[in-house]
Structures are given as structure tokens and as C-alpha cells.
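# Examination of the molecular architecture
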Amino acid sequence: MSSAHFHISRMFLLNIYSFNRLTFFFVQVTPVSDLFLTAVKLTHDSTGAQHLHLARDDSNNLFSVQFRTTPMDSTGVPHILEHTVLCGSKKYPCRDPFFNMLNRSLSTFMNAFTASDYTMYPFSTQNAKDFQNLLSVYLDAVSYWTEQEGWRLENENPTDPNSPLVFKGVVFNEMKGAFCDSESMYAQRLQNLLYPDHTYAVVSGGEPLTILDLTWDQLKQFHATHYHPSNARFFTYGDLPLEQHLKQIHENALSRFERIEPNTAVPLQPNWDKPREYHMTCAPDALAHDPHRQNTLCIAYLLGDITDTFEVFTLSLLSSLMVSGPNSPFYKALIEPKIGTDFSSVVGYSRNTRQASFTVGLQGVAEADLEKVKRIICQTVDDIVANGFEEERIEAQLHKIEIQMKHQSTSFGLTLACYIAPCWNHDGDPVKLLQISESVAEFRRCLRDHPYFLQDKVKQYFKENIHRLTLSMSPDQFYFKKKAEEEEAKLQQKVAVLSKQDKKDIYEKGLQLLSAQSQPQDTSCLPALKVSDIDPTVPFLVLCSGGVPVQYCEQPTNGLVYFRAMCSLNTLPEDLKPYVPLFCSVITRLGSGALDYRQQALLMELKTGGLFITPQVIPDSDDLDTYEQGILLTSSCLERNLPDMFHLWSGIFNNPHFDDNERLRTLLTMDAQELSNGIPNSGDVYAMTRAARSLSPAGELMEAFCGMEQVAFMKRIAEQSDLTDILRKLPRIKRHLLSQDSMRCAINAAPQNVPGASLELEKFVKSITTRKKELKPVRRNIIEKPLNPLVPTGSKRNRKLISEPNFKPCQMKTYFQMPFPVYYVGQCVRTVPYSHQDHASLCVLAQMMTAKFLHKEIREKGGAYGGGAKMDHSGLFSFYSYRDPNSMQTLNVFRRAVDWAKAGQFSQQDIDEAKLSVFAAIDAPVAPSDKGMTRFLSGISDELKQQHREQLFAVSHEALTVVSASYLGLGQRTCGVAIIGPENEGIRKDPSWVVK
């Protein structure tokens, strides 16, 4: 990239100044060459609102406005405002303009976040007209909010006045779901206790039962004082003109306000005079491999002000040296002795509060070992002060920063907005934070001039720091029972003071709300793009191939080279397949050749952006019973380090270490713990993956590789006392997977770096030890398809897919009972592959169902945090809900959604909006590192993409009703269902369900 692309001329600035001389004035204009952008800081004259514009040659333009929101109780007022602000405003009085705009734009991102001390509203889009539309909606929403409810008392059945009163509300159910996750709850409590004297002592998202104390007056008062331009920070990014942004922001919002003193600043936390200790309880982990080792303990340290940019840089890097990777002191001291299963859920440096913190500890600890963990942490701090860090490890961390600066993501604007938000929120300099090379240079100077620079920091912030908190957590088998009793007591307390008239009013309001939710929305007030605004053609990508099966894609990768290799699983015996995810996870972390695992990890950090291997199950684009199975190797490096990167891969292919039982035990335990911890945040994905298991061969393998089946499998092998058998299996798997015979490669690099990358890749391929005899596929039916459709079948560049023509899809319903207070529901239906003409209609149908029926029924009426329908390349049409208070009722909603679609109860406008949403996903920006990957992995050519695009444009009202009846209607469909959630007596007694 040329920095000239991001140069803002003096004349351009003068024009803006002239146009806005009575509204905005410039504070600073700064080129940031590291990131190829120019930063422009402005202040709005009459309100004091701050504005930062980052001009960069990037068509994915982003807007964000953030308000400093500092609640003093745990009623969740900023979180509830975040939801309700986007549910109707003065100019756009329709219900839920935010969700409606998802279907009226080509946005690449739309959301809102509630942090501990700020609330942010960002969106991004590649379309200039769309940017203005979304900006208009966002500005009106945050400036001219109309009142909406945060929680409510309502009859369980809104149409039955005799049904019991219950608490309802999206935020209420969302936070109930969040508080069922022990990791999240631990992190929240840790923050509350480390900063006990101001806003961080409360739960900004809302503690479920405390949410119920929030009053209307509190909500309105908080909005009046916090949602004001004087308390706002506006952020724009990309290649659109700054002048238009300033004009629209001033006219649509700021011009109607006067400056106030918001009084939202967060004071520094007073230092303690001695360390503190606290204990808390949580629900037991149903998937823990050792039920007697479920304790967590950590020590957290209060650090410095996050507006000190260089100190933030230094402490962040210091944190990585202390806890990141197998060479770090705390990894050696805490993880490798196997006192616990993994680091505590909160670990390392955090700058999400006015003063930063550092936390280190363990989870999966026996109660008898908690004191031992404390002693080890203190001793490790002493050891670091005495011994410091190896120079190579410091260089490895600086190299990692260089890689991060050069890597270009598709959401770079959003990444920058989130990166600067905490510092800017407390009046720090966001531009200085972006000038990373200056911090690197200053850091090197400090190391050169003060040999004990880092050790002195450890001594200052850890050894001699009195403001430190020890927090332990242990399981309580009655935890959720106690929470349910507390909620019931709160409910009875609220109900006890109600008169008959109060209850009648609640019933009538419930009917009114139900009626309003059931009425078709008039969204004509909202701006919208048209289908005609969508580019009719897909941009074709120029790819070339080398002498070995390699795809080269020339891209502006900023000096980085990206390597991928796909290796087939076709010869792997069936009994080894469940171990493939474990193999992928550990093979790059065991050591290889002359390198032990510590040396290997250090060299990876010094020379690459990391080496990763992941299992792949890729459905065929033409046949639902055909798929490709393999593993994907991924790595990146600076062009100068190509020989080192491929040397590392060569060692892994030719001489990986499979002789360290203790190392494998450490990695296996950490992986099993991570899988178990991930279920509460990804329950809907696990439910859909399980529901798809019985519908296609690819779905069956996906469940084995990354579903609940894999979670249970990892739990079982983590419980084994002897891992010898697993160590014997890993070389067998390696023999089948890591071979040039079954490998195809891809390189993404700048044109000038392709020849060098090609040469090093060729050396790597030649270095791979060849098999003494050819291994035969386990499955007989192998279908070969060309990677490049222009190359005839029979070429070396073919994908070898498994075909299972005798696969019989079947109905299956599975229930996973977990100690959660909410449900995750998934239902999948077998339909048609990607190349089928009906696939496009099903894609549009899924989006339209979500926007026009499922969102209203599952979220607005049902109170779930999320829900909808999806159609992907697998050919499976999926329904889902997330953090849902309902289970069987939600399955009934899925059925009614199909009836709604079959009856054709939707308009052409609904169809057009669904198409916009589908195209927004299809046309989302692709990073230079990822260009060409769809064709490389799945064989979907630009020509096939164009065909699918034309089919999407052609989707009609009739086509949607036809596919609804043909594939989703009762009697026509083959479907799978899965639910994850709390005990459900009705399901348990139903013999049609498989209960896990």
C-alpha cells in the first residue's frame, strides 16, 4: 500500500474547516504510517462532542458513537438502554428499527456493546448511500430515544389472566444466560472486588434479580445525563469524505443540543493498605473430567492508568512474557505441574477499566491445592524479579506485534474502534495509541539504557503491590436451585403488593403488547437500499497454479506470506477418526526434529504468525451425500522468514515428537477444559451441529469432530490415567495425514514475493519423507473433482471426495441436560446442495423467516436473546434459538414459521429486504490473506458463484412458497432436533427423545 492513498491535503482540510467553521474545529491531524492512515481529531464547538476520523484506503467504512456510561448499581441500566435505544426513535417510530435495518441495508456489521464504563454503537458498510442511511438511523436512535420497557411482569400465558405472573424481558433472560457461565461470572466478580469504590463495583450488564429493581425514572434520568453529545465520542473510518460525515452528524443530532457537564468521569481507585481475599460459589461443571477438581483461584493486581500509552504497551508485552506459551514462567510453574486443568478464565493483562489489571491463576484445582497455587504465584513473581526474561523471548513478542500491524483484516475499522475505545473513554489520546512503532522504539531504548527495566516493572507492579486480590471459587451442587428460589422469592415479593386492579392492568398490558407484537410493522419511515443497488456480477479472481498442486493468489498482503495446505483423511482407519481433532490440536505443540516443544514454540513466535492445523469437513456443492474430509494447515510469516516457516513445517511432517506423556497430558487436559467452558457461549451452534448429525454424512462427521460428541469424547480420554494408547495412535494418524501424496497447497502473497514463496514451498514439499507404499482409501466410493474447473478431471490438482450413496437420513431428537437456566434449541432439515436452483430460494427464505417471523416470535414474544433460521453450503436448513427461556414452545414456533411461509404471508418488500441481507453476507469484504480460499477449499468457482447470484436475484414469491412446502412442510422433510438446557420432565418422559 502507498501512504499517498491516505494523505489528506491542506486544501481538503481548509474546505472542511470552511464548511464547518461554526460547528467543528480541528484539534490535530496526524499521519500514522504504521497503519497507512491519517488521523483527524475534531471537537464540536457548541456541545464539546469529540470526533476522530481515520482516513484510509478501505471501502469498508465504519461509524461508531460511544458514550461514557457509569452506573452506580447493578440494575443493568446501560445495558437495557443499549437494547431499548435501538427500538424506536422520534424520526423512526416503528418497532425495532435496528433489526429492520439489518434487512434494508448491505451493512457488513451492525451491533451495539455495553462495556463496564461505556456503551458503543458501531456499523460498517461498503456502500456510500447505505452509510448515510444507517448513520441517520443510529444518530436519531441515540439522540431522540422513545421509551421502551426493560423488564416486565406478565402472565405466563398472556391470553390467560389466571396463569401465574412471571418475569419477562430480553435483557433479563440474556443476563440469566450470562450468569450460568461460571467463567463469565468469575470475571465479573473479580472486577467488582478489585475496584470496589465506584462504577466497577457493579454489574453494568445487570445482575438478573437486581434488574428487577430498575424503575422508569432511573432509566430516563440515566439516558438524559449519559446520552448527550457532551458525553459522546464519534468515530469514522474509511475512504468516504469526512466533510459529509460532519455535516450529517451536526444536522441530524448535534445542532439541537447545548453543552453540559455530564459528570461521568471515573475516579482512580484508592489503593488498599493490605491485600484482600474473597470466596464465591458456582454451579458444578457437568463435563469436568474430575469432579473433585473444580475449584478456581487467581490473584489479580491493580496496575496503572490506561491513558499512559507507553505504560500500557510495556505492561501488555510484559504480561505476554509472563503467561503466554510454554516458555513463560507462569506456564512452567502452574500448568506443567498439573495442579489445575488450565489457567483461570481471567488471565493476563486487561485495560478494559480506567486502571489496568493483571490476573493469573488456575482452574480445575483440588481444594487441598488452593494454598499451594497462591504460594507458587508469589514464588514465580520472585523468580522473575531475580532472573528476568531471555532476550529471544522479548524479540519474539516484538515480532508478534510487527505481524499484527502488517496483517490486514476485513473489519480493520471495527478493530481500531474497539482498540482505542477504553483509552479514549477516559480522555486518553487515541492517536498516540495507534502510533505503535513509536512505543516499540521507546521500549527498545528503555531496554538498552536500563538492563533491569522489565524486572523493575515486575517488582513495582507485582512483588511490592499491596493492591492485590485473591479470589477463589468452588462448586455448589445446589447453586442453580438457590438462584431459582431467590428469583421465586423476588417474584412473590413483587406480586404480594399487587391489588386486583394491578393484576388486571398487567393482564391488559400483556394483551396490548401481544397485539402490538403481532401487528405487521409499518417500516416505510426507514431508509432502505433497493435490490437494484446490488452489483449484478461477482468480481472474478485471477488465480494461477504451480508445478505441484499449488494455488497462487497475488494480493497486497503488506509483506506477509500466507500458506495453507489441505491434507486428505481418506486413508485413515475409522477407529482413529475421533482422535483427529486432538491430533490437530497437539501436533504443532509437541516438538519436532532437534527442537523440544519449548524451542519449537519460541521459534514459531520469532519467525511466524503461528502454525495451526484444524479438521475440515467440506460438503460437496452438487450432492448432499458427498463430502471432502481432511485437515487444513495454516501459517503466515514475513517474507524474510519463509525458509524458517517451512523448516518448522518440515520438522512436523518428518519427525514430530510422540514420546512425552506428560506434555500430552497437559495439552489434553487444557483442551478438554476449553471445550467444556465453551458450551454456554456456543450452545446454539452445538445444538444445530447435533441436529444435523443424522441428516447427511458430512453432518455425522461434523458432530464427531466439533460437536457434543467430541466434547464427551475429550472428557473420556482426559479421565484416562494412562495415555500410552493415545500416544501410540498419534503416529498412526500422522502416517495417514501428513504426506505430500494427499496434499494441495495455497499461497497468498504480494506479486514480488510469489517467486520466493514458490521456491521455498517446492523445497518443503521435496523435503517431506515419501511413503514406502501407497495407502488405500478406507471408503470405496471416491469422486475426483478438479480444483480448477478449467482443468479436466484426471489432473493432479483434484479434490478426492467421499461419496456415500447408500446413506439413509433419519429423524432424531436429542436432549442434553445441562445445569443451565436457559435453553439452546436447534432443528435442521435436509434440503438441496449449493448448485441446485432451489438453494438460492432457501437462502432468501431463511433470512426472511428470521426477520419477519422468528425474531418476533422467539425474541420479542418468547424473550430469548436470539433466534432465527440459516441456510448454508451444507444443504441443511437450520432453525435455532439462543439463551431461550422456552424449549418445546420454540419448536412449535419453528413449525408455525413454515406454515407462515407456505401460506405466502409476506410481501415483495419482505423478499427484497431478505435479498439485501443475503447479498450483504455474500458480498462482505474478503481480506487479502483469504482471497481464493472458497475455491481452494470447496471447489466453488467464480462461475458457480455467479450462477448462484443470478438465482438469488430471480427468487420470487412463488418460489419461496414452493420450497417451503417441498422441503420444510410436514411429511416432506427429514429433520433432526437437539436441545441443550436444564432438566425437562416432559422431554425425559417422551420416548421419542434420546436423553444424554
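As shown above, the structure is provided for reference.
The rules behind these values
Residues numbered from 1 in each chain as written. Predicted model: local features only at pLDDT ≥ 70, side-chain atom pairs only at ≥ 80, totals over all residues. Heavy atoms only, no water. Helix = DSSP H or I, 4+ residues; strand = E, 2+ residues; numbered from the N terminus. Rg over C-alpha atoms; globule rule 2.2 N^0.38 Å. Lys, Arg positive; Asp, Glu negative; His and termini not counted. Charge placed at Lys NZ, Arg CZ, Asp CG, Glu CD. Buried < 20%, exposed > 50% of the residue type's maximum accessible area, 1.4 Å probe, protein only. Phe/Tyr/Trp six-rings, centres within 6.5 Å; stacked < 30°, edge-to-face > 60°. Lys NZ or Arg CZ within 6 Å of the ring centre and 35° of its normal. Axes fitted to C-alpha atoms, helices over the stretch in contact; angles between N-to-C directions. Parallel < 35°, antiparallel > 145°, perpendicular 65-115°, else oblique. Left-handed = near helix turned anticlockwise from the far one by under 90°. Contact = heavy atoms within 4.5 Å. Expected span 1.5 Å × (residues − 1). Arc of directions from axis to C-beta. Pairing = 2+ DSSP bridges. Salt bridge = Lys/Arg side-chain N within 4 Å of Asp/Glu carboxyl O.

### A word on the overall build of the protein chain
If you tally the helices and strands in the protein chain, you get 35 helices and 30 strands. By the compact-globule yardstick of 30 Å for 996 residues, the protein chain fits well, its C-alpha radius of gyration being 29 Å. Looking at the protein chain, you have 102 positive and 112 negative side-chain charges, and the mean spots of the two groups are 3 Å apart.

### Some points on the environment of L667
Checked against the element boundaries, L667 lands in helix α23 (residues 661-678). Residue L667 is classed as buried on the basis of its relative accessible area, which comes to 1%. Between the C-alpha atom of L667 and that of D476, which follows or precedes it by 191 residues, the distance is 27 Å.

### Describing unusual backbone geometry
The phi dihedral of F36 falls on the positive side, at around 55 degrees, and the residue is not glycine. Along the chain, the position of F36 falls in the loop between β1 (24-32) and β2 (37-44). For N558, which is not glycine, the phi torsion reads 65 degrees and is therefore positive. Since its relative accessible area comes to 18%, N558 is described here as buried.

### Digging into the packing of aromatic side chains
For the coordinates displayed, the defined rule picks out 35 aromatic pairs. Ring centres of Y579 and F713 lie 4.9 Å apart, and the angle between their planes is 85 degrees; on these two criteria the pair is classed as edge-to-face. Placement of the pair is Y579 in the loop between β19 (560-568) and α20 (580-586) and F713 in helix α26 (residues 708-718), with a sequence separation of 134 residues. In this structure, Y579 and F713 share a single accessibility class: buried. Pairing F653 with F764 gives two aromatic rings, centres 5.3 Å apart and planes at 90 degrees, and the pair type is edge-to-face. Highlighted residues: F653 in helix α22 (residues 642-654) and F764 in helix α28 (residues 754-767), separated in sequence by 111 residues. Looking at F764, the relative accessible area reads 2%, which means it is buried. Members of the aromatic cluster, each reached through a chain of ring pairs, are F63, F98, F99, F123, F131, Y138 and F234. A cation over an aromatic ring shows up here: R744 above the ring of F936, its NZ or CZ 5.2 Å from the ring centre. Over the ring of Y880 we find K870; its NZ or CZ atom is 4.9 Å from the centre of that ring.

### Side note on the packing of helix α29 (residues 837-861) against helix α33 (residues 942-954)
Packing of α29 against α33 leaves a shortest axis separation of 8 Å and a crossing angle of 55 degrees. By the angle between their axes, α29 is oblique relative to α33. Here the hand of the crossing between α29 and α33 comes out right-handed. On α33, the residues touching Q837, H839, A840, C843 and V844 of α29 are H948, Q951 and L952.

### What to know about helix α18 (residues 479-496)
When the terminal C-alpha atoms of α18 are compared, their 26 Å separation across 18 residues agrees well with the 26 Å that a helix rising 1.5 Å per residue should span. Listed as buried for α18 are Y479, F480, E487, K490, L491 and V495. Here the buried residues of α18 occupy an arc of 145 degrees about the axis, which is enough to place them on one side. Those residues of α18 that are exposed and aimed more than 90 degrees away from the buried face are Q493 and A496.

### A short note on the sheet that holds strand β26 (residues 823-830)
A sheet is described by the order of its strands in space; here 6 strands give the open sequence β27-β28-β26-β29-β25-β30, paired in mixed fashion. Every other strand in the sheet has two partners, leaving β27 (866-871) and β30 (994-995) as the edge strands with one partner each. Note that β26 and strand β29 (residues 975-981) share 6 bridges and pair antiparallel. Within β29, the residue paired with V825 across the bridge is I979. Packed onto the sheet, helix α24 (residues 683-691) meets β25 (812-817), β26, β27, β28 (876-884) and β29 and runs at close to 35 degrees relative to β26.

### Comments concerning the environment of I376
Secondary-structure assignment places I376 in helix α12 (residues 370-387). Remark: the alpha-carbon pair of I376 and D96, spanning 280 residues in sequence, is separated by 52 Å. Excluding residues within four positions of it along the chain, I376 makes contact with A333, L334 and I339.

### Remarks on the pattern of salt bridges
Taken as a whole and assessed by the stated rule, the structure comprises 48 salt bridges. Notably, a salt bridge pairs D449 with R448, separated by 3.5 Å at the nearest N-O pair. With a relative accessible area of 47%, D449 lands in the partly exposed category. For R448, a relative accessible area of 58% puts it in the exposed group. With a shortest N-O distance of 2.8 Å, K852 and E913 are connected by a salt bridge. With K852 in helix α29 and E913 in helix α31 (residues 908-922), this residue pair connects regions lying 61 residues apart in the sequence. Look at K852 and you get buried, because its relative accessible area is 18%. E913 gets classed as buried once you look at its relative accessible area, which sits at 2%. Within the structure, one salt-bridge network assembled from shared partners comprises R104, K852, D910 and E913.

### Some thoughts on the pairing of β2
Across the 8 residues that make up β2, a large majority, 8, are buried. In β2, alternate side chains face the same way, and those of L37, A39, K41 and T43 on one face and T38, V40, L42 and H44 on the other are all buried. By the bridge criterion, 8 bridges tie β1 to β2 in an arrangement that is antiparallel. Residue pairing for β2: Q28 is matched across the bridge by K41. Linking β1 to β2, which pair antiparallel, is a turn of 4 residues; within it F36 sits at a positive phi near 55 degrees.

### Things to note about the pairing of strand β7 (residues 118-125)
When you tally the buried positions in β7, you get 8 out of 8 residues, the bulk of the element. Along β7, one buried face is formed by Y118, M120, P122 and S124 and the opposite face, lined by T119, Y121, F123 and T125, is buried too. By the bridge criterion, 8 bridges tie strand β4 (residues 61-68) to β7 in an arrangement that is antiparallel. Within the sheet, the bridge partner assigned to F63 lies in β7 and is F123. The pairing of strand β5 (residues 107-110) with β7 spans 3 bridges and is classified as antiparallel. Across the sheet, residue F109 finds its bridge partner in β7, namely S124. Pairing of strand β6 (residues 113-114) with β7, which is carried by 2 bridges, proceeds in the antiparallel orientation. The partner of T114 across the bridge, within β7, is T119. Hairpin connection of β6 to β7: 3 residues between the antiparallel strands.

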